[in-house]
Amino acid sequence: MTLRAPQPRLDRAQPGHVLIVDDDPVFGLLASETLQQAGFVTRLAATAAEALALCGKQKPDLVLLDIELPGANGFDLCVELRALDGFAGVPIVMVTGHDDTASVARAYAVGATDFIHKPVLWPTLPHRVGFILRARDSMFALRSSEQRNRALLQALPDSIAVVGDDGVLLEHLTGSDELQPGNLAGRPLEQILPPTVAQAARACLSSTGKRDPSTHEYAVGKGKERRWFEARLRPQADGLLLIVTRDTTERRLAKARIEYMAFYDVLTKLPNRQLFVRHAAAAFRDAKESGQLIGVLHVDLDRFKRVNDNLGRSVGDALLQAVARRLEDAVATPADAPADSAAGTRTLTRVARLGGDEFVVLLTNLADEEQAVAAAERLARVLGEPYNCDGHRFVVTPSIGIAIYPKDATDVDDLLIKADMAMYQAKDLGRNGHARFGASIAVRSLGRLQLENELQEAFDRGDFRIHYQPKLEVASGAIVGVEALLRWTQERAASCPRTRSFRSQKRPGSSFRSGTGSSDRRAGSFRRGRARASGT
């Protein structure tokens, strides 16, 4: 038997399997034929036993269940079907000819999904079944999506709370937040957040408050147990409030570590040049208002390279650390000095390491220059005491250069340069002492630089000439050798003493490159002279 009107096919990726349970063969035939024309796969069962047997072989996608069955009723069979494994989500549609609401209520009570009244309007049956299956598929997809989203949220290092308009948590999802394990749903904001953050959250929920997203940081605990958190408040269009809380302790520690490495010397734990310049600039501004002096002491260790070369860098590093501690103790910061909020250290930098074996000391609130000189003498005595480093005992003396603000310079970089020049003056005077910067030091330094440049240019132009003088044996008067002399032949050389020119060439760090070329020229000259003497 076929129906005259063609039936629409169900728009689903897979054909739905429908189990029709009814003892009326005509109803079963008509229902099966109508659903098959719409693309469904159907099976028929006339009794409860047959229905349970078919379900045991293959789980249907939907069950059309008649209330009246031979020897049983659809209500009891619906309960048995729901008890089967995997049948919790299978739609069960009760087919009834009863008009009383009690049967409908009982059908829903035993777990039915929907109900259809007899007589059935057959053209609408495929649409009704298709709609129920699509609703089931959508419900399954929604549950699956919700489970994935919940698993994703729980995997994130965040604690997520949904807050109602009354300020009570409706839902709480916890990721790896160690502070608030467990579910806090049902608690008010004030029990889970600090007062300031809870107040801001209440303002977001208020109809008169500003409902813009905001971020708040707060700390929990003290000492080593102290942890930092970030709470992001995100008001929703439906009046709810989403609060995302993240533990930012590790991020803050990493940031502090990066800042420390940027502003501090890793070996000695002293501030580096960058931090020293920053804090010295602030001290300069204060000194300009108060009219007091500031002194900078440039400290360099005498012959430190010998320690590294003879005892190894480990001993040299230990020595630098010992020097840093002595400098800190000798120039102690007052106990009431404020602390730096970023690094937790002294705001006013008194001692810093510029690099290598060079240190710098900042002296503030000086009444006169003699205080800076007295401080340099005290540092020289302290640093000149014997050191015990890795089983070695030795003495290392300092050379200290002194420069004063605002007499010698009015900015930090210039004052550091002047202190460095004074330090080299102390080394030229014999080391293990100090020197004040003065105009004469600047003139000598600039003159030395100019002389080095002129020497280099003269060598590049070929202004030097090699002269030879014999070496005589006093007893016999015989020539036993010769000396090669490198002479500057231009007019500029007349105003430059020979000893000064020689010291300029030998000064550490000089870029004068006369050695290799002169040696080659002398060697070639000797070879030519020897060839002439031998007649070859």
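None of these values were measured; they are calculated from a predicted model. Along each chain, residues carry numbers from 1 onward, in the same order as the chain's sequence is written. In keeping with the model being predicted, local features are shown solely for residues with a pLDDT of at least 70 and side-chain atom pairs are shown and tallied solely at 80 or more, while totals for entire chains, interfaces and linings include all residues. The side-chain values count all of the structure's non-hydrogen atoms but skip hydrogen atoms and water molecules.

Novice: Tell me about the environment of Gly291, and name the residues and values.
Specialist: Secondary structure counts use DSSP, requiring at least four H or I residues in a row for a helix and at least two E residues in a row for a strand, with both numbered from the N terminus. Position of Gly291 among the secondary structure elements: in the loop between helix 8 (273-290) and strand 13 (293-301). Along the backbone, Gly291 and Asn365 are 74 residues apart, and their C-alpha atoms lie at a distance of 9.1 Å.

Novice: How would you explain the confidence of the model for the protein chain if you had to name every residue and give the values?
Specialist: Low-pLDDT portions of the prediction should not be read for the details of their coordinates. pLDDT expresses how confident the predictor is about each individual residue, on a scale running from 0 to 100. Averaged over all residues, the pLDDT of the protein chain equals 80, while 79% of them reach at least 70. Contacts: residue pairs with any heavy atoms within 4.5 Å of one another. Confidence drops under pLDDT 50 across residues 1-10; counting only partners more than four residues distant or on other chains, this segment forms 26 contacts. The low-confidence segment residues 177-181 (pLDDT under 50) makes eleven contacts with residues lying over four places distant or belonging to another chain.

Novice: Provide a residue-level description of the nonpolar core, including the pertinent values.
Specialist: The nonpolar side chains of a soluble globular protein tend to be buried with one another. By convention a nonpolar core is built from buried Ala, Val, Leu, Ile, Met, Phe, Trp, Tyr and Cys residues, the set being connected through side-chain atoms within 4.5 Å. Throughout this description, buried means an accessible area under 20% of the type-specific maximum (1.4 Å probe, protein chains only), exposed means over 50%, and partly exposed covers the range between. By size, the foremost hydrophobic cluster in this structure holds 35 residues, and its most contacted members are Leu297 and Leu319. Among the elements of the structure, strand 13, helix 9 (304-311), helix 10 (313-330), strand 15 (358-366), helix 11 (369-383), strand 16 (387-389) and strand 18 (398-405) are those that each provide at least two residues to this core. Among the elements that line this core, the one with the most residues is helix 10, at eight residues. Val21, Leu65, Leu69 and Cys78 belong to the second-largest nonpolar core, a separate cluster that totals 24 residues.

Novice: Break down the packing of aromatic side chains for me, citing the residues and quoting the values.
Specialist: Note on aromatic pairs: the rings of Phe, Tyr and Trp (six-membered ring only in Trp) are paired at centre separations within 6.5 Å, and the planes decide the class, stacked below 30 degrees, edge-to-face beyond 60, tilted for the rest. As enumerated under the stated definition, the model contains five aromatic pairs in all. Ring geometry for Tyr218 versus Phe229: centroids 5.8 Å apart, planes at 20°, classification stacked. With Tyr218 in strand 10 (residues 214-220) and Phe229 in strand 11 (residues 227-235), the pair connects residues that are eleven residues apart, well separated along the chain. Judged by relative accessible area, Tyr218 falls into the buried class, the value being 6%. Geometrically, the ring pair formed by Phe284 and Tyr405 is stacked, given 4.2 Å between the ring centres and 25° between the ring planes. Pair noted here: Phe284 is in helix 8 and Tyr405 is in strand 18, with a separation of 121 residues, a long-range link. What makes Tyr405 buried here is its relative accessible area of 7%.

Novice: I'd like to hear about helix 8, residue by residue, with values.
Specialist: Here helix 8 contains 18 residues, and its C-alpha end-to-end distance of 25 Å stays within 8% of the 26 Å for a straight helix at 1.5 Å per residue. For helix 8, every residue scored as buried is listed here: Leu275, Phe276, His279, Ala280, Ala283, Phe284 and Ala287. Any pair of N or O atoms that falls within 3.5 Å is considered a polar contact. Within protein, one atom must be able to donate a hydrogen and the other to accept it, and sequence-neighbouring residues count only if both atoms are side-chain atoms. Backbone nitrogen of Gln274 and a side-chain oxygen of the N-cap are separated by 3.3 Å at the start of helix 8; the cap is Asn272. Of the residues flanking the end of helix 8, it is Gly291, one or two places downstream, whose phi is positive at about 80°. By this rule, a helix spans an expected 1.5 Å times one less than how many residues it contains.

Novice: Give a detailed account of the packing of helix 2 (residues 48-57) against helix 3 (residues 74-83), specifying residues and quantitative values.
Specialist: Axis definition: a line fit to C-alpha positions, over the contact stretch in the case of helices; interaxial angles, taken between N-to-C directions, run 0 to 180 degrees. Helix 3 packs onto helix 2 with a crossing angle of 15° between their chain directions and a minimal axis gap of 11 Å. By the criterion of interaxial angle, the relationship of helix 2 to helix 3 is roughly parallel. Taken as a pair, helix 2 and helix 3 cross one another with a handedness that is right-handed. Residues Ala48, Ala51, Leu52 and Cys55 of helix 2 form the contact with helix 3, whose own contacting residues are Leu77, Glu80 and Leu81. Gly is put with the polar residues, along with every residue not named as nonpolar or charged; the nonpolar set is Ala, Val, Leu, Ile, Met, Phe, Trp, Tyr, Cys and Pro, and the charged set is Asp, Glu, Lys and Arg. Residues that form the contact of helix 2 with helix 3 fall into these classes: six nonpolar, no polar and one charged. Should an angle fall under 35 degrees it is taken as roughly parallel, and over 145 as roughly antiparallel, whereas 65 to 115 is taken as roughly perpendicular and any remaining angle as oblique. Two helices that cross are described as forming a left-handed crossing if the nearer one is turned anticlockwise from the farther one by less than a right angle, and a right-handed crossing if clockwise.

Novice: Mind laying out the packing of helix 8 against helix 12 (residues 412-428), listing which residues take part and the relevant values?
Specialist: With their axes 9 Å apart at the nearest point, helix 8 and helix 12 run at an angle of 110° to one another. Accordingly, the angle class assigned to the pair helix 8 and helix 12 is roughly perpendicular. Between helix 8, through Arg273, Phe276, Val277, Ala280, Ala281 and Phe284, and helix 12, the contact on the second element is made entirely by Val412, Asp413, Leu415 and Leu416. Of the residues assigned to the contact of helix 8 with helix 12, the class counts are eight nonpolar, no polar and two charged.

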